[in-house]
Amino acid sequence: MADLPIPAPSSRKLLGQQLLISISIFASLGVFLFGYDQGVMSGIITGPHFRKYFGNPDAVSIGTMVAVLEIGAFITSAAAGRIGDIVGRKGTLFAGAIVFTVGGAVQTFTTGFSTMIVGRVISGFGVGLLSTIVPIYQSEISPPDHRGSLACMEFTMNIAGYSSSVWMDYFCSFIDSDLSWRVPLFMQCVIGAILAAGALLIPESPRWCIDTDKDAEGFRILVDLHGGNPDNDTAIAEFKEIKDRVMEERASGVARSYYEMWKRYKRRVLLAMSSQAFAQLNGINVISYYAPRVFEEAGWIGRDAILMTGINSLIYILSTIPPWYLVDRWGRRPILLSGAVIMAISLTATGWWMYIDVPRTPNAVVICVIIYNAAFGYSWGPLPWLYPPEIMPLTIRAKGVSLSTSTNWAFNFLVGEVTPELQELITWRLYPMHGFFCVCSFILVYFLYPETKGVPLEEMDFVFGEDEREEREENADDDDDDGEDEVVDENTSLLSASGNGGSRKTHRKKGWFGIFKRRPTSGEQLA
């Protein structure tokens, strides 16, 4: 059992719930920032002054200009796990804000296509750091029974950033000069500077502090989050649980490398990566990056297309509010499953209305896109940012989340780069194609995703029906015996809506999907 350190006196004026909410709101500026950056290009690329300045760029050039940000984001999100472990969550947040601000300045004062590309890549570096570290930080300061709702509030800020950029584009479109696109880009610098200044004021993640032997600081932060009383039983119990977990990991003697993470937790890593991959394959960035172009395809022209995008974004924001209350009541699985169904239907309907091309098509497409956005905002928008940091153990959480986030940006780049060409090449068929991916995501969640509602981060092993030692031995046996080994039955945790473990039973496994071919135990045979 871990010894209890003596915390230093607290200098914070906000304690308990007020501190938790204020930290969550401020950290959400990080996701507001990259939400703004994702949306800001959608409006300005259709503007006449922007197109004239850059020589009427073709679809490939526009796709590159929009999607190149994801290259920078991919690079730093892959490295953010290591950075977050070394300098801490707070330091990584500060660095991301500074880098993003620099990139925004380069874009604002660009002198041509090449300079814009450089600025987008630099901003991407900042986005990669922020999009990786903010979900980790949020999950590590949140209590289990509110972790989901706080993460969903964070996503609402992301969509608020996207909506703000769209409306900024719309109002600036009335400016009859190059300021019509430079002003929206400059706002990135303002928001980034505010985030960088505030990052110096928020506390560090208590779990990172304890993991790096800063026990007194970590305990002080936990005490402050629980009301400021050093004798608070919940704060003491949480500190001991985290510390015991850290010591258990160290006693195992296993290195904290990406290789060991894959070897011991490959199931969790793949689930985390798949959640982010399908968040992009389900089609959101066809709308987020190119919504005005989508509406122009449907018959809304020029500024009216940006206006329709702005109206759509407001409904998008509203759709992200129900998960605040539902995610810790219904759980993660029901929300992801229902969202996938609605998105598949609305995307297919969008393609159908474009195919028949009747006078009602413009209005019908707007309705379908709004329904799609609302379904995404309620489900596959927030939860892929919540799920990966939940299922990863503390010792490899930053690395695991960095892999899942880099997956997001890799698929983000893929979708952003090819969408303009696909809009011209396969036209209406693009939308049913993404609807098909929504169906695939439904199947994946139904059969493979365990429920994590209300489970403390240190007890997540039980959700997977095994402890770390058993998972390590299972993966080692997979390598030695070609998948013919004794493993713990995960049917209960993977298919049950309750998802809090269940009884432990063993069975023979053959291949990756062997968990669905369970042989009855001796007790079941006797029964």
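Residues numbered from 1 in each chain as written. Predicted model: local features only at pLDDT ≥ 70, side-chain atom pairs only at ≥ 80, totals over all residues. Heavy atoms only, no water.

- An unreviewed UniProt entry annotates the protein chain as General substrate transporter originating from Lentinula raphanica.
- Taken directly from UniProt, the Sequence similarities (unreviewed entry) text for the protein chain runs: "Belongs to the major facilitator superfamily. Sugar transporter (TC 2.A.1.1) family."
- UniProt's Subcellular location (unreviewed entry) comment on the protein chain is quoted here verbatim: "Membrane". (UniProt positions renumbered as here; feature names shortened; annotations may be inferred.)

## Quick look at the packing of aromatic side chains
To describe a pair of aromatic rings, you give the distance between the ring centres and the angle between the ring planes.
And then number 1: Applying the stated criterion across every chain, the model contains 20 aromatic pairs.
And then number 2: Here the aromatic rings of F50 and F54 are separated by 4.6 Å at their centres, their planes lie at 45°, and the arrangement is tilted. The burial state of F50 is the same as that of F54; both residues are buried.
And then number 3: On the numbers, 5.2 Å between centres and 55° between planes, the contact of Y53 with W181 is tilted. In this pair, Y53 is assigned in helix α2 (residues 48–53) and W181 in helix α6 (residues 179–199), connecting sequence segments 128 residues apart.
And then number 4: You can call Y53 partly exposed: its relative accessible area is 30%.
And then number 5: When its relative accessible area of 1% is taken as the criterion, W181 is described as buried. (Phe/Tyr/Trp six-rings, centres within 6.5 Å; stacked < 30°, edge-to-face > 60°. Buried < 20%, exposed > 50% of the residue type's maximum accessible area, 1.4 Å probe, protein only. Helix = DSSP H or I, 4+ residues; strand = E, 2+ residues; numbered from the N terminus.)

## A look at the nonpolar core
And then number 1: In terms of nonpolar packing, the biggest core is built from 110 residues, with M41, F50, F376, W380, I391 and Y449 touching the most fellow members.
And then number 2: A total of 14 residues in this core trace back to one element, the largest contributor, which is helix α1 (residues 16–44).
And then number 3: Excluding its chain neighbours within four sequence positions, the residues that come into contact with F50 are M41, I44, I45, M65, M116 and W181.
And then number 4: Formed by ten residues, the second largest nonpolar core is a distinct cluster that contains I210, L222, I236 and I242. (Core = buried A, V, L, I, M, F, W, Y, C linked by side-chain atoms within 4.5 Å. Contact = heavy atoms within 4.5 Å.)

## Here we look at a nonpolar patch on the surface
And then number 1: A grouping of F94, I98, V102, L200 and L201 is seen on the molecular surface, where their side chains present a nonpolar patch of about 470 Å² in accessible area.
And then number 2: Counting through the fold element by element, I98 comes out in helix α3 (residues 59–108). (Patch = residues over 30% accessible without salt bridge, like charges linked within 9 Å, V, L, I, M, F, W, Y side chains within 5 Å. Areas by Shrake-Rupley, 256 points an atom, 1.4 Å probe, with all protein chains shown as cover. Salt bridge = Lys/Arg side-chain N within 4 Å of Asp/Glu carboxyl O.)

## Observations regarding the pattern of salt bridges
And then number 1: Counted according to the given criterion, the structure contains eleven salt bridges.
And then number 2: D213 is the salt-bridge partner of K243, the closest N and O atoms lying 3.4 Å from each other. One end of the pair, K243, is in helix α9 (residues 233–252); the other, D213, is in the loop between α7 (206–211) and α8 (215–225), and 30 residues separate them in sequence.
And then number 3: We classify D213 as partly exposed; its relative accessible area is 49%.
And then number 4: Residues participating in the shared-partner salt-bridge network are D85, R89, E140, R397 and K399.

## Things to note about the packing of α3 against helix α4 (residues 113–141)
And then number 1: The contact between α3 and α4 brings their axes to 5 Å, and the two run at 40°.
And then number 2: Tallied by class, the residues present in the contact of α3 with α4 amount to 28 nonpolar, 18 polar and three charged. (Axes fitted to C-alpha atoms, helices over the stretch in contact; angles between N-to-C directions. Nonpolar A, V, L, I, M, F, W, Y, C, P; charged D, E, K, R; others polar.)

## Let's talk about unusual backbone geometry
Residues apart from glycine generally show negative phi values, whereas peptide bonds are mostly found in trans.
And then number 1: One non-glycine residue with positive phi stands out, namely N56, at about 50°.
And then number 2: Along the polypeptide, N56 turns up in the loop between α2 and α3.
And then number 3: Residue class for N56 comes out exposed when judged on its relative accessible area of 55%.
And then number 4: The backbone of D213 shows a phi angle near 65°, a positive value even though the residue is not glycine.

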